[in-house]
Amino acid sequence: MDVIARESSDIEDSADRRGLRAAPTALRVRIIGTAAGGGFPQWNCNYRLSRAVRAGAAGFCRRTQSSLAASADGRNWVLFNASPDIRQQIAETPQLQPAADAPLRSTPIRAVVLTNADVDHVAGLLSLRERQPFAIYAARPVLEVLEANSIFNVLDPAIVPRRELPMGAETDIRAADGSPTGVSVESFAVPGKIALYLEEPGRTDFASESGDTIGLRIGAGKAGSLFYIPGCARVDAALAARLDGTACLLFDGTVYTDDEMIDAGVGAKTGQRMGHLAMSGKEGSIAALAGARIGRRVFVHINNTNPVLDENSAEHAAVRAAGWEIGHDGMEIVL
Ligand code: MLT
Ligand code: MN
């Protein structure tokens, strides 16, 4: 864990140079990847949905893996999750590229916040190796995964500090040098599971609240805020109450039905077994959040077996009729 040891005057000078003295008036969020692990189409998937998007069928759009970017000033950006598609996502997002007047090696990405240690959320860190300073924020269990896997040392902690997100508290997201980004997060554990590659035989806790999977409320000073929960196994009363009254929710849209991957013939696992709550059904996320007052509700982290990916499907229509949006790459939300 990094200890921020800079003098506050240094930090303020740096903030001044970046024009952060004025209180941010808006939180800008750009969803740069809306697919679950594997993306859409997935490289080896021959299911009808991947086939259709690969063929360019009407009503289908390609999606990269789960990630978003947020900024309080439009110039300094914080990534939320680092997907294996990060190079493509940066290439498609001018705001995340070096500015024309910036040094020869530079990035507007000041920090990366991780919500779990799944491959689709951490593998992109490896593509950010180039001795470029930024900060990593994650809950303790996810930091332990990074520490236990020496390949992540391509990001030298002396250059890319790793900082622990405390649960149930608000954290100002700061660049590697300690200067503020203007973006803050409130982090909280949600029901979920450890990454697939950490599972041990006989393990049955796929909806524990151990901090292996977290949700975030992302804010920017007095600007609005939104909730980002790309993985969640259950919506209990406490979570529904937490979300009540929010202007915007970006939520786990992995599967439409719990048995979807089995029905599609592509896998043996249910959504629950993967730590994901289905959209539909009595226990699903649409029903569980029907009573909560939420301004915009948007599904993200959508698996390549989910029928809502076909804009002409009955499932897509049902989700829209229930007041939900289906996230797409490049979607922007300003609060
Ligand atoms: C998940 O969201 O369950 C994981 O990303 C699955 C995976 O690791 O492929
Ligand atoms: Mn995932």
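Here the structure is a predicted model, which is why all the values come from computation and not from measurement.

### A closer look at the confidence of the model for the chain
Then, number 1: Confidence along the chain averages 93 in pLDDT terms, with 93% of residues attaining 70 or more.
Then, number 2: Segment residues 1-17: pLDDT under 50, and 25 contacts once partners within four positions in sequence are set aside and those in other chains are kept.

### Section: the sheet that holds strand β7 (residues 169-174)
Then, number 1: With respect to topology, seven strands assemble into an open sheet ordered β7-β8-β9-β10-β11-β12-β13, the strand pairing being mixed. Only two strands of the sheet have a single partner each, and these edge strands are β7 and β13 (324-326). Recorded for the sheet is a direction-independent mean angle of 25 degrees between the axes of neighbouring strands.
Then, number 2: With four bridges connecting them, strand β9 (residues 214-219) and strand β10 (residues 225-229) associate as antiparallel partners. Across the sheet, residue I218 finds its bridge partner in β10, namely L226.
Then, number 3: Across the sheet, helix α9 (residues 314-321) is in contact with β12 (296-300) and β13; its angle to β13 comes to roughly 135 degrees.

### Let's talk about the coordination of the manganese ion (ligand 2)
Then, number 1: With distances of 2.1 to 2.2 Å, the protein atoms coordinating the manganese ion (ligand 2) are D120 (OD) and H301 (NE2). Highlighted residues: D120 in helix α4 (residues 119-122) and H301 in the loop between β12 and α9, separated in sequence by 181 residues.
Then, number 2: Overall, D120 belongs to the buried group, its relative accessible area being 6%.

### Here we look at the packing of aromatic side chains
One pair of aromatic rings is described through two measures. These are the centre distance and the angle between the planes.
Then, number 1: Evaluation of the coordinates by the stated rule reveals four aromatic pairs.
Then, number 2: Here the aromatic rings of F80 and Y228 are separated by 6.4 Å at their centres, their planes lie at 80 degrees, and the arrangement is edge-to-face. Residue F80 is found in strand β3 (residues 77-80), and its partner Y228 is found in strand β10; the two are separated by 148 residues along the sequence.
Then, number 3: Looking at Y228, the relative accessible area reads 2%, which means it is buried.
Then, number 4: Ring-pair connections join several aromatic residues into one group, and the members of that group are F251, F299 and W324.
Then, number 5: Taking NZ or CZ as reference, R242 lies 4.0 Å from the ring centre of F188, over its face.

### Some thoughts on the pattern of salt bridges
Then, number 1: Overall, the coordinates contain ten salt bridges when judged by the stated rule.
Then, number 2: Salt-bridge contacts for R234 lead to E209; the nearest nitrogen and oxygen are separated by 3.7 Å. Here R234, found in the loop between β10 and α6 (237-243), pairs with E209, found in the loop between β8 (180-189) and β9; they are 25 residues apart in sequence, far enough to count as distant.
Then, number 3: What makes R234 partly exposed here is its relative accessible area of 35%.

### A short note on the sheet that holds strand β14 (residues 331-334)
Then, number 1: If you walk across this open sheet you meet the seven strands as β6-β5-β4-β3-β2-β1-β14, and the pairing is mixed. Each end of this open sheet is capped by a strand with a single partner; those strands are β6 (162-164) and β14. Each strand of the sheet is rotated relative to its neighbour by a mean of 25 degrees, with strand direction disregarded.
Then, number 2: Of the pairings in the sheet, the one linking strand β2 (residues 67-71) to β3 comprises four bridges and is antiparallel in character. The partner of L68 across the bridge, within β3, is F80.
Then, number 3: Relative to β6, helix α5 (residues 140-148) is tilted by about 155 degrees, and along the sheet it contacts β5 (135-138) and β6.

### Quick notes on the site of ligand 1
Then, number 1: Lining the immediate environment of ligand 1, one finds D118, D120, L196, M274, H276 and H301.
Then, number 2: Interatomic distance of 3.0 Å between a side-chain N/O atom of D120 and an oxygen atom of ligand 1.
Then, number 3: A distance of 3.1 Å separates an oxygen atom of ligand 1 from a polar atom in the side chain of H301.
Then, number 4: If ligand 1 stood free it would expose 270 Å²; the protein chains cover 80% of that surface.
Then, number 5: Across the shell around ligand 1, the residue classes tally to two nonpolar, two polar and two charged.

About the cut-offs
Residues numbered from 1 in each chain as written. Chains lettered and ligands numbered in written order. Predicted model: local features only at pLDDT ≥ 70, side-chain atom pairs only at ≥ 80, totals over all residues. Heavy atoms only, no water. pLDDT = per-residue confidence, 0-100. Contact = heavy atoms within 4.5 Å. Pairing = 2+ DSSP bridges. Helix = DSSP H or I, 4+ residues; strand = E, 2+ residues; numbered from the N terminus. Axes fitted to C-alpha atoms, helices over the stretch in contact; angles between N-to-C directions. Donors = N, O, S within 2.8 Å, 3.2 Å for Na, K, Ca; no water. Buried < 20%, exposed > 50% of the residue type's maximum accessible area, 1.4 Å probe, protein only. Phe/Tyr/Trp six-rings, centres within 6.5 Å; stacked < 30°, edge-to-face > 60°. Lys NZ or Arg CZ within 6 Å of the ring centre and 35° of its normal. Salt bridge = Lys/Arg side-chain N within 4 Å of Asp/Glu carboxyl O. Near = heavy atom within 4 Å. Polar contact = N/O pair within 3.5 Å; in protein donor to acceptor, adjacent residues only side chain to side chain. Areas by Shrake-Rupley, 256 points an atom, 1.4 Å probe, with all protein chains shown as cover. Nonpolar A, V, L, I, M, F, W, Y, C, P; charged D, E, K, R; others polar.

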